[in-house]
Amino acid sequence: MNYRHAFHAGNFADVIKHIALVAVLRHLRQKDKPFCIIDTHAGAGIYDLESTEAARTGEAAAGIGRLLSLHDDPQLPDALRAYLTLVKQEGEGRYPGSARIATRLLRPQDRLVAIERHPVAAGTLHTSLSGIRNARVVEADGYERLPALLPPHERRGVILIDPPYEAENEFTRVGEALAAAHRRFATGIYVVWYPIKSRAAVDALYGEASASGIGQTLRVEVETDRVSSPERERLAGAGLLIVNPPFGFDDRMRRIASVVAPLLGRTNQKPATITVV
Ligand code: SAM
């Protein structure tokens, strides 16, 4: 249990994951019917981009740091603008994690369950969501807790599965958790984050999803020319497996990709590659 997201908050992978989350939540808000968000690996909720951890990796500077100036562009796709507004509203040097982003898009009828196993991160999460009536923090193992929460009584919602991939069997655990969750709540939208270090591991995850009868998936991957290493801190690529993507979500993400990819490469000269298939 060594992983600490403070080193990586706001990096290129977080940026794509959080834009996608905002786009999904904006879709769910189109109907008045309530929805539920379950964040199985919620992290701390808020991150200090001026911390020694963030400064040491410089990842936020090369991620969200490069995007903030886009905010005033009148041509910006809506979900991207909404995401940048949320980040800016936190104030300079602060970056919201998935759970906090989720709370910003909750309406009174919606709810969030944010699960975090690490006691220190769970404590910060608690503080960062305090006062939000329809957000609940659960200090627990996200994989173990998820089945009991499904299906949510709202019968609409999104499940974000965003583990640290510290454990060697994490891809397998994610695949099993996704299949089991889908059996209980087949109409839910699932957003599963994964690092791209081994194509075989990624392909196996999609293979397992398809073998479990999960038909509708979308793949969003961002790859940079950063020098990769076995450590997540030098991650060069990351992806999202999205189950039951909302109608038109792929085109929306493609539009956003065309705006952000040029800014997310290792250097300003070489754009990142963002694939939406
Ligand atoms: N979802 C967050 C976001 O987008 O801002 C980032 C989460 S971070 C990648 C992964 C988090 O999962 C860490 O805070 C770690 O402590 C936590 N974690 C690790 N194993 C867990 C488990 N089995 N259940 C719940 N949380 C876990």
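Residues numbered from 1 in each chain as written. Predicted model: local features only at pLDDT ≥ 70, side-chain atom pairs only at ≥ 80, totals over all residues. Heavy atoms only, no water.

Caption draft 1: The environment of Gly175, seen in detail. Assignment of secondary structure puts Gly175 in helix H8 (residues 170-184). Judged by its relative accessible area of 4%, Gly175 is buried. Distance from Gly175 to Leu205, taken between C-alpha atoms, is 5.7 Å for residues 30 residues apart in sequence. What Gly175 contacts, discounting residues up to four positions off in sequence, is Leu205 and Glu208. (Helix = DSSP H or I, 4+ residues; strand = E, 2+ residues; numbered from the N terminus. Buried < 20%, exposed > 50% of the residue type's maximum accessible area, 1.4 Å probe, protein only. Contact = heavy atoms within 4.5 Å.)

Caption draft 2: Just the sheet that holds strand S8 (residues 217-223), in detail. Ordered by their spatial adjacency, 8 strands build an open sheet running S5-S4-S1-S6-S7-S9-S8-S10, and the pairing between neighbours is mixed. The sheet is open, and its two borders are formed by strand S5 (135-139) and strand S10 (273-276), each paired with just one other strand. If you compare each strand with its neighbour and ignore which way they point, the axes differ by 10° on average. Seen against the sheet, helix H6 (residues 119-128) touches strand S4 (111-116) and S5 and runs at an angle of roughly 165° to S5. Across the sheet, helix H9 (residues 199-211) is in contact with strand S7 (189-195), S8 and strand S9 (237-243); its angle to S8 comes to roughly 165°. (Pairing = 2+ DSSP bridges. Axes fitted to C-alpha atoms, helices over the stretch in contact; angles between N-to-C directions.)

Caption draft 3: Broad picture of the packing of helix H1 (residues 12-28) against helix H4 (residues 78-89). Where H1 meets H4, the axes come as close as 9 Å, and the angle between the chain directions of the two elements is 110°. Relative to H4, the element H1 lies roughly perpendicular. Crossing of H1 over H4 shows right-handed handedness. Mapping the contact onto sequence places Val15, His18, Ile19, Val22, Ala23 and Arg26 in H1 and Asp78, Ala79, Leu80, Ala82, Tyr83 and Leu86 in H4. Residue composition of the contact of H1 with H4, grouped by class: 9 nonpolar, 1 polar and 2 charged. (Parallel < 35°, antiparallel > 145°, perpendicular 65-115°, else oblique. Left-handed = near helix turned anticlockwise from the far one by under 90°. Nonpolar A, V, L, I, M, F, W, Y, C, P; charged D, E, K, R; others polar.)

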